[in-house]
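# Geometric and topological summary
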Amino acid sequence: MPTCRRKRVVLTEPSEALLQAAKSNPNKEVYYLQQTGEIFETYEAYAARMSFYRLKQFQCEVTGKSGLDYFQALESEQQEAQTMHSRFPEPLKAAVLKAVQWQVVGRLDHLVEAVFDRFKDRYFVDEKVFVDAQGDKFYAKVVQVHPPKAKGDSVGVPAENQASSSSVPSPPHGIADDDAVQIHKIGGDLKIPAKEALVRDDPLKYFYKIQILEEQHEKSHEKGKAASKDKAKWSGSFMDVQCSVMSRDRLAFSKSILRRFIRDCVDRDAAVASPWTVKPVIAKHYGVDSVMPEETRKGVEDIKRGEIDKRKKIWEDKEGPPTKKQKKMTAAQEERVKALAVAAEKREREAREKAERQQKAKEEAERLAAEKKKKKPIRYPTEDLDVRLNDKEKKAGLKVKKPTPSKLGLPFGENQGTFEAFLTSWNFLVIYGQPLHLSTFTMDEFEHALRHSVIDPPCPLLGEIHSTLIYNLRTVPFARHSAVLSLLRLQDTLEEDHRVLGVSVDELAGAMADMGNNWERVPLRHTEMRDGWEEALLGCPERCKHATLDNFPRLREVLTRLLFAPEPPVEVSSSSSSSRVSSPAANDLCVQSSPCERYYALPPADRIDILTLMCNLAVSSKAIHSHMESCEEQLTALRKEKIEIGRQKKQYTEEMNSLAGEAEVKEPGINGVVPDEDAMMHESSDLSDVPSEDGSETASTSSARQKRSTRQKDLRQKAHTQAHAKQRELARAQAASAKQALAEHRRLDEEVNKLERRLEAIEREFRKLLGAVRVKPLGKDRFHNRIWWFDGMGSASLLGSGGVVQYGTGRIFIQGPSEMDLELILKKEDDDYETRRLEEEGPEGMLAPSEWAQYAEPEELDEFLAWLNPKGVRELALKNSFIKWWNHIAPGMRKRISDLNISAKLPEARRSTRTKSSGHDISREPYMMWTNRRAVSSA
């Protein structure tokens, strides 16, 4: 209920006269206030009440917000109550309400403390909790509660503080249906003292059967994907646990939310020692008894009587017993007492009005401060979707629409799923090329190799890829004939003589029995062009324990295409002409063949599926895990080296600044004016040559003066020579010092340049090593599209020998926003999101979740960078990433375009030089000229 001046607002009840008039005249017109349900007889009373409700002097009782009118405060309370009821655990509500019913506690805080202490370690059926199991925290649901003393057999549960899991729930036992109400009955009864309740109903002796729903958070990627697969086994499993490993969400159960729940659901009278009672509507909903038991009523009355007697005794002790000598007051004394009472009441009223004025002034100041705070300018960078281009920025030439990325230019872009599998396979093979002993190759070469469809000449890239993966998979544990068993289980669910591509399951199983039996021992030598890799490839998915129809749905079709070929066309000759007649089922594969002949007839999608399966299995191999651990160690070493280089660079920079400061101090001494000793000597000689006051000069005095002047000239000449010598010596010393300082400055500058080049090399090496552990996008744009650049990761390098630019993809890939990002955007209720995407991206540029596109031209990428707005948090980080790697991204894109143009011109040049047209020489294609240098060096 909203409060006004710290008092609850009581609704106006209709007067008795109005009720009597309504009974006598049911058609009597009245004024009805719809929001509160109040009825008024006159418009003046209605308007006065409405004006009172519109005053900004009410306060929300739940949140404490002030400066609201009555309806705003009521709406705030209703919203907070709805939020609180949705968060508070539903199974706990009835138990808490039954515990607080008829409790006589003075303060609500004391009641909340008592309830919280009783129920913090007690859980109920269907309650959602967190469970700590083997160092991980899981989100679970309580399925069953086993009390400490159950009827019948004892509950078979594990030892204390231990959690046991099982994939199949055990049958319910330990409690019967009619005993379910006894759970926590003693512990939840506040009338029983806490210590006694703990002894009689210890929560630590309860066992709970819970079902794991999901893991709360995942750990770091140190243990790889295998650890994630092990954790996935917990989902849906059942456990028997105790309260010591269980906890509730703090947003669902805490003292704060418990206090709000109890205050919203209970009430009590204003009388002394009145009990807390659950509101009738809520009590009926949760099955709480609304009729006070006679025993409880007597206890409440005793408490109330004792409290009244206690207060009466205190009052009597304070006032003291009446004395017999006390006399009645005279009329004058009574008038004086009345005057004093009126004056005191007036002073109290003035103080109250003054306090109200001060409160209103304070609220007005807070409101003005809040409005001023709202008017503060936005501090950038901020949320990208909150940033919009104004008219000034549009006139300045900032782009509104993003350049449309290409979807059709993607390899196998007609099917987004095929492209994603293709990209994943290429990225795995390039990143882990070192443990696989596989040289790097570009994405274009990989695409052309997968499209290679002729048996002669064979494609060396395909042979090396499959052979290295087969060698790696030989170290992974496998179970034989799992694919055959999966197909035979499928046959039981199919109709008799069910065929795919004209081959039944029995025929396929018979053909598989003779192929690929020794795939784990067949030597696939690099010097022999990996001869026999196709048959070994057939044995790998056929006998690997993970190759089943569940994770490889096209297993049957792929194996059929590898082992069977179509019938050759039959020639039928006639007297007039000869023609070729094909079999009726042209698409059926009826003739048993070998994988060596049939692999190149596979469509690229099937080849990609095979490689995807092999790469997924190779992740769990020991070589890949060892390589990942080695990369982690190298990353740690690089981080330490980077910190040390930063310290050295800072030290060199400080020394350079100090040298520059010393040079500025010495400069005035070098270029300044040195006092001229000749002038000083000349002045002294002039003073000595002044004639005496005695005007008579004799010949002797004249000759003495001439000798003296000659001696002075000699002295001046000698002093002048010495001063010049000192100046030259000082100048030489200063020049030598300046030269030495300049040389030292150049040396330090060269050291700083070396450190900066080393930092750039560390960044490139860091990117290579980090790609082997986890692959991260460059960033996200304003619509949460992820931007990927896959070059320079793993075994690939951005620079070759001599600083030559190298590339892997030579492109920038755009991936649509994830489902989680879209959910977060929809939660914000941004109705303008789709409209803005349509305006700024266009219908062709809007990418759905898991949809891909690319920028292959540097000009397109320049336009995309110009479209990014650095006022947004995500696009600022993305633009900084592009700036950091731009010297490698743009040259790589240009190098790819140049290579594509060269490879497109070469066939035309070769055909023009031939005298006879002999067709295109496929062996001269770049992907056919690729060699595995790592295999040669490792052999």
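Sequence positions are assigned chain by chain, starting from 1 and proceeding in written order. In view of the model being predicted, local features appear only for residues whose pLDDT reaches at least 70, and side-chain atom pairs are presented and counted only at 80 or more, with totals across whole chains, interfaces and linings using the full set of residues. With hydrogens and water stripped out, all remaining heavy atoms of the structure feed into the side-chain values.

Once that is clear, we can look at the overall build of the protein chain. In this description a helix means any DSSP run of H or I spanning at least four residues, a strand means any run of E spanning at least two, and both kinds are numbered starting from the N terminus. Within the protein chain, the regular secondary structure consists of 30 helices and 23 strands. The buried share among the 939 residues of the protein chain stands at 36%. Every residue pair with non-hydrogen atoms within 4.5 Å of one another is taken to be in contact. Intrachain contacts of the protein chain at a sequence separation of at least 6 include 75% that bridge at least 24 residues. In the structure as shown, the protein chain presents an accessible area of about 57300 Å², 52% of it carried by carbon and sulfur atoms. Accessible area is worked out with a 1.4 Å probe on protein chains only. A residue is then buried under 20% of its type maximum, exposed over 50%, and partly exposed in between. Per-residue and other accessible areas follow the Shrake-Rupley method at a 1.4 Å probe size, with only the shown protein chains counted as cover for residues.

Below, the discussion takes up the packing of aromatic side chains. Working definition: an aromatic ring pair is given by the centre-to-centre distance plus the angle between the planes. Working definition: rings of Phe, Tyr and Trp (its six-membered ring) pair if their centres are within 6.5 Å, and the pair is stacked with planes under 30 degrees apart, edge-to-face with planes over 60 apart, and tilted otherwise. Using the criterion set out here, one finds 35 aromatic pairs in the structure. Geometry around Phe253 places Arg248 over its ring, the cationic atom sitting 4.7 Å from the centre. For a Lys NZ or an Arg CZ to count as sitting over a ring, it must be within 6 Å of the ring centre and within 35 degrees of the ring normal. The ring of Trp867 is capped by Arg782, whose NZ or CZ atom sits 3.9 Å from the centre of that ring.

By definition, no residue in a patch forms a salt bridge, and every one has over 30% relative accessible area; like charges are joined within 9 Å, nonpolar side chains (Val, Leu, Ile, Met, Phe, Trp, Tyr) within 5 Å. Only one rule defines a salt bridge in this text: a Lys or Arg side-chain nitrogen within 4 Å of an Asp or Glu carboxyl oxygen. Charge assignment in this entry is limited to Lys and Arg as positive and Asp and Glu as negative, and neither His nor the chain termini are counted. Charge positions are represented by NZ for Lys, CZ for Arg, CG for Asp and CD for Glu. A surface patch of negative charge is lined by Glu857, Glu859, Asp862 and Glu863. Assignment of secondary structure puts Glu859 in helix α28 (residues 858-867).

For two strands to be treated as a pair, DSSP must find at least two bridges joining them. Across the sheet, three strands lie side by side as β2-β1-β5; this open sheet has antiparallel pairing. Two strands bound the open sheet, and with one partner strand each, they are β2 (7-8) and β5 (58-59). Two elements, strand β1 (residues 3-4) and β2, share two bridges in a ladder whose sense is antiparallel. What sits directly across from Thr3, in β2, is Arg8.

This paragraph deals with the confidence of the model for the protein chain. Looking at any residue, its pLDDT shows the predictor's confidence there, from 0 to 100. Looking at the protein chain as a whole, its pLDDT mean stands at 80, while 78% of the residues score no less than 70. The low-confidence segment residues 912-918 (pLDDT under 50) makes two contacts with residues lying over four places distant or belonging to another chain.

Together, Lys7, Lys346, Arg349 and Arg352 make up a positively charged patch on the protein surface. Per-element tally for the positive patch: the top contributor is helix α11 (residues 331-374), with three residues. By secondary structure assignment, the location of Lys346 is in helix α11.

A few words now on the sheet that holds strand β22 (residues 812-815). Pairing is antiparallel across the open sheet formed by four strands, whose spatial order is β20-β21-β22-β23. With partners counted over all chains shown, the strands left at the sheet margins are β20 (779-780) and β23 (852-855), one partner each. When strand β21 (residues 786-788) meets β22, the two strands line up antiparallel, connected through three bridges. When the sheet's bridge partners are listed, Ile787 is paired in β22 with Ile814.

By size, the foremost hydrophobic cluster in this structure holds 83 residues, and its most contacted members are Phe428, Leu429, Phe441, Phe446, Ile465 and Leu469. Setting aside residues no more than four positions away along its own chain, Ile465 makes contact with Leu429, Leu438, Phe441, Phe446 and Leu611. Among the nonpolar cores identified, the runner-up in size contains 30 residues, and Leu108, Leu190, Phe253 and Cys265 belong to it. Among buried residues, those of type Ala, Val, Leu, Ile, Met, Phe, Trp, Tyr and Cys that are joined through side-chain atoms within 4.5 Å constitute a nonpolar core.

This part is about the environment of Ser406. Note that Ser406 resides in the loop between α12 (391-395) and α13 (416-431). On the basis of relative accessible area, Ser406 is assigned to the partly exposed category, the value being 30%. Note: C-alpha distance between Ser406 and Trp852 (446 residues apart in sequence) is 8.8 Å. With residues near it in sequence (within four places) discarded, Ser406 still touches Ala853 and Gln854. A 3.5 Å cut-off defines polar contacts: any pair of N or O atoms within that distance qualifies, except that in protein one atom must be a possible hydrogen donor and the other a possible acceptor, and neighbouring residues in sequence count only when both atoms are side-chain atoms. A polar contact of 3.0 Å, which involves the side chain of Ser406, links it to the backbone nitrogen of Gly409.

Moving on to the packing of helix α16 (residues 460-473) against helix α22 (residues 604-618). Inter-axis angles, ranging from 0 to 180 degrees, are taken between N-to-C directions of lines fitted to C-alpha atoms, where helices are fitted over the stretch in contact. Contact geometry for α16 and α22: axes closest at 10 Å, N-to-C directions at 35°. Considering the relative orientation of α16 and α22, their crossing is left-handed. For the pair α16 and α22, contact is made by Leu462, Ile465, His466, Leu469, Ile470, Asn472 and Leu473 and by Arg607, Leu611, Met614, Cys615, Leu617 and Ala618, respectively. Gly is placed with the polar residues, together with every amino acid not listed as nonpolar (Ala, Val, Leu, Ile, Met, Phe, Trp, Tyr, Cys and Pro) or charged (Asp, Glu, Lys and Arg). Its residues assigned to classes, the contact of α16 with α22 shows 10 nonpolar, two polar and one charged. By convention the crossing between two helices is left-handed if the near helix lies anticlockwise of the far one by an angle smaller than a right angle, and right-handed if it lies clockwise.

What follows covers the pairing of strand β7 (residues 136-146). Alignment of strand β6 (residues 128-133) against β7, held across six bridges, turns out to be antiparallel. Among the inter-strand pairings, Lys128 is bridged to a residue of β7, identified as Lys141. Taking the residues that link successive antiparallel strands as the turn, the β6-β7 hairpin has two residues, and the phi of Gln134 there is positive, at about 55°.

Here we take up the packing of helix α5 (residues 108-119) against helix α8 (residues 255-265). Geometry of a packed helix pair, given as the angle between the helix axes and the separation of the axes. Direction vectors running N to C along α5 and α8 enclose 115°, while the axes themselves pass 10 Å from each other. Judged by the twist between their axes, the crossing of α5 over α8 is right-handed. Where α5 abuts α8, its residues Leu108, Asp109, Leu111, Val112, Glu113, Val115 and Phe116 lie against Lys255, Leu258, Arg259, Ile262 and Arg263. Along the lines of polarity and charge, the residues of the contact of α5 with α8 split into seven nonpolar, no polar and five charged.

Here the focus is α5. The α-helix advances 3.6 residues per turn, and as a result positions three or four apart in sequence lie on the same side. By definition here, a helix of n residues has an expected span of 1.5 Å times n minus one. When the terminal C-alpha atoms of α5 are compared, their 17 Å separation across 12 residues agrees well with the 16 Å that a helix rising 1.5 Å per residue should span. Within α5 the residues assigned to the buried category are Leu108, Leu111, Val112, Val115, Phe116, Arg118 and Phe119. Down the axis of α5, the sector holding all buried residues measures 165°, keeping them to one side. Elements that come into contact with the buried residues of α5 comprise α4 (90-100), α6 (194-200) and α8. Think of the arc as the fan of directions from the helix axis to the C-beta atoms.

Okay, the pattern of salt bridges next. It is possible for side chains bearing opposite charge to pair when their charged atoms get close. Going through the model one piece at a time under the given rule, you end up with 41 salt bridges. Residue Asp126 pairs with Lys141 through a salt bridge whose shortest N-O separation is 3.8 Å. Pair noted here: Asp126 is in the loop between α5 and β6 and Lys141 is in strand β7, with a separation of 15 residues, a long-range link. The class for Asp126 is partly exposed, based on a relative accessible area of 45%. Of the residues examined, Lys141 reaches a relative accessible area of 28% and is grouped as partly exposed. For Asp781, the salt bridge identified is with Lys402, shortest N-O distance 3.9 Å.

Bridging between β6 and strand β11 (residues 246-247) involves two bridges; their strand directions are antiparallel. Opposite Val131, over in β11, you have Met246 as the bridge partner.

Turning to unusual backbone geometry, a few remarks are in order. Note on backbone geometry: most residues besides glycine have negative phi, and most peptide bonds are trans. Of note, the bond from Tyr380 into Pro381 is cis; its omega dihedral lies within 30 degrees of zero at 0°. Looking at where Pro381 falls in the secondary structure, it is placed in the loop between α11 and α12. Here Asp456 and Pro457 are connected by a cis peptide whose omega angle stands at 0°. Tracing the backbone shows Pro457 in the loop between α15 (443-450) and α16. Of note in this structure, His437 is not a glycine but carries a positive phi near 55°. With respect to the element layout, His437 can be found in the loop between α14 (433-436) and α15. Positive phi, close to 55°, is recorded for Arg530, a residue that is not glycine. Relative to the assigned elements, Arg530 resides in the loop between α18 (505-513) and α19 (533-543).

Once that is clear, we can look at helix α27 (residues 833-845). With 13 residues, α27 extends only 15 Å from end C-alpha to end C-alpha; this falls clearly short of the ideal 18 Å at 1.5 Å per step. Note that bend, as reported per residue, equals the angle between axes fitted to the 7 residues terminating at that residue and the 7 residues originating from it. Glu839 marks the point of greatest bend in α27, at about 75°, and the proline Pro843 comes within the next four residues. Those residues of α27 that fall on the buried side of the exposure criterion are Tyr833, Arg836, Arg837, Glu840, Glu841, Gly842 and Gly845. Close packing links the buried residues of α27 with α26 (819-827) and α28.

Right, let's talk about the environment of Asp69 for a bit. Position of Asp69 relative to the elements: it lies in the loop between β5 and α3 (70-87). With residues up to four places along the chain from it excluded, the contact list for Asp69 reads Tyr53, Arg54, Leu55, Lys56 and Phe58. Within the local environment of Asp69, its side chain forms a polar contact with the backbone nitrogen of Gln72, the two atoms lying 2.7 Å apart.

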